[in-house]
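# Breakdown of the fold
As a plain string of letters, each chain reads:
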Amino acid sequence: FLSDNHIQGSCSSTVKLGLYCGELVALQTFTKDSKHEWCLSRFCTQKYTQVRGAASKLFTHFVGTYSPQNINTYANLRYSSGDVYDTLGFRFSHDIGPRYAYFKNFKLYNRRQFQKLPGEGKEYEKAFALGYRRLWDCGYKAFVWKS
C-alpha cells in the first residue's frame, strides 16, 4: 500500500493501522524510537482519494491503544508543510536543513549508500564518476507530540 500510495514509498514499521471502507483506504505507521519513544513514520490515503478525518481517527486509535508519552515525526518540505501534524496536536520542534539523495536513470538512492565508495576523492565526485547526480531537497520540519 505504501509503495503504491506514499510518495516516499514503504518503510519498516512496528505498528501499522489501516482504515477500511470495503478496502484499505488510509494507512498510518509507527516505529519505535529511542529518543521520543515512537515515531509516526508514514500516513497516506489511497491514491486519488481523500478521506476526511482519516489521520485523526488512526492517530486517536494509536494513542488510545498504545498510551505513548512522546511521538515525533517529520514533514519533508518538498511535499508538505506539516499542517496535518498541527491538527493531530503535534508541536513544531525544529527545522532540519536540506539534505541530498543521488539519482540515476530516474531512480533515487539514499546518500548513505555512497558514503563508503572505494577510491580516491570526495563522495560526490566518486558518485558523479559512476553517473549519479545529487538531488537536494527543501529540508524538513520536526514535530513532537506529548501526552
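Our structure is the block above this text.
Below, the structure is looked at part by part. (Residues numbered from 1 in each chain as written. Predicted model: local features only at pLDDT ≥ 70, side-chain atom pairs only at ≥ 80, totals over all residues. Heavy atoms only, no water.)

### Things to note about the packing of aromatic side chains
- Scanning the entire structure with this criterion turns up 16 aromatic pairs.
- Measuring from centroid to centroid gives 4.9 Å for Phe-62 and Tyr-66, while their planes differ by 25 degrees, and the two rings are stacked. Here the residue Phe-62 and the residue Tyr-66 both occupy positions in helix 2 (residues 54-66), the gap between them amounting to four residues, near one helical turn.
- Residue class for Phe-62 comes out buried when judged on its relative accessible area of 0%.
- Of the residues examined, Tyr-66 reaches a relative accessible area of 36% and is grouped as partly exposed.
- Between the aromatic rings of Phe-92 and Phe-143, the centroid separation amounts to 6.1 Å while the plane-to-plane angle is 80 degrees, which identifies the pairing as edge-to-face. Highlighted residues: Phe-92 in strand 5 (residues 91-96) and Phe-143 in strand 9 (residues 140-146), separated in sequence by 51 residues.
- Taken together, Phe-30, Trp-38, Phe-59, Phe-62, Tyr-66, Tyr-85, Phe-90, Phe-92, Phe-143 and Trp-145 form an aromatic cluster joined through their ring pairs.
- The residue whose ring lies beneath Arg-111 is Tyr-100, and the NZ or CZ to ring-centre distance is 5.9 Å.
- Between the NZ or CZ atom of Arg-134 and the centre of the ring of Tyr-100, over which it lies, the distance is 4.9 Å. (Phe/Tyr/Trp six-rings, centres within 6.5 Å; stacked < 30°, edge-to-face > 60°. Helix = DSSP H or I, 4+ residues; strand = E, 2+ residues; numbered from the N terminus. Buried < 20%, exposed > 50% of the residue type's maximum accessible area, 1.4 Å probe, protein only. Lys NZ or Arg CZ within 6 Å of the ring centre and 35° of its normal.)

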